[in-house]
Amino acid sequence: MPHVPSFLMRLIMGEAAGMILGGSRISSRKIQDAGYEFQYDTSEKAMKASLKAIKERENKKRKRN
């Protein structure tokens, strides 16, 4: 995944960028052990899907205008 400047992450993701940029000491192991399955198995895949959805939404807005 390419290096994305923190200001750009904040611009794109708003407050949610803090979770990625600030880091935290958490683990998903407990909820996975309880049977939860994530839609994306890596943060890279989740970010790519999020950015793709944002891009598609912007394209739809442009087509309406």
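A brief structural summary. Just so it is clear, the model here is predicted, and its values are computed rather than measured.

Further remarks concern the overall build of the protein chain. From N to C terminus, the protein chain includes 4 helices and 0 strands. Listed by position from the N terminus, the elements making up the protein chain come as α-α-α-α. Radius of gyration (C-alpha) of the protein chain: 15 Å, far over the 11 Å computed for a compact globule of 65 residues. Seen through its principal axes, the protein chain has C-alpha atoms that stretch 45 × 25 × 20 Å. Counting over 65 residues, the protein chain shows a buried share of 5%.

A grouping of Phe7, Leu8, Leu11, Ile12 and Leu51 is seen on the molecular surface, where their side chains present a nonpolar patch of about 480 Å² in accessible area. The greatest single-element share of the nonpolar patch, amounting to 4 residues, is contributed by helix α1 (residues 6-13). Take Ile12: it is sitting in helix α1. For Ile12, a relative accessible area of 35% gives the class partly exposed.

Criteria and cut-off values
- Residues numbered from 1 in each chain as written.
- Predicted model: local features only at pLDDT ≥ 70, side-chain atom pairs only at ≥ 80, totals over all residues.
- Heavy atoms only, no water.
- Helix = DSSP H or I, 4+ residues; strand = E, 2+ residues; numbered from the N terminus.
- Rg over C-alpha atoms; globule rule 2.2 N^0.38 Å.
- Buried < 20%, exposed > 50% of the residue type's maximum accessible area, 1.4 Å probe, protein only.
- Patch = residues over 30% accessible without salt bridge, like charges linked within 9 Å, V, L, I, M, F, W, Y side chains within 5 Å.
- Areas by Shrake-Rupley, 256 points an atom, 1.4 Å probe, with all protein chains shown as cover.
- Salt bridge = Lys/Arg side-chain N within 4 Å of Asp/Glu carboxyl O.

No statement about biological role is implied by the geometric values presented.
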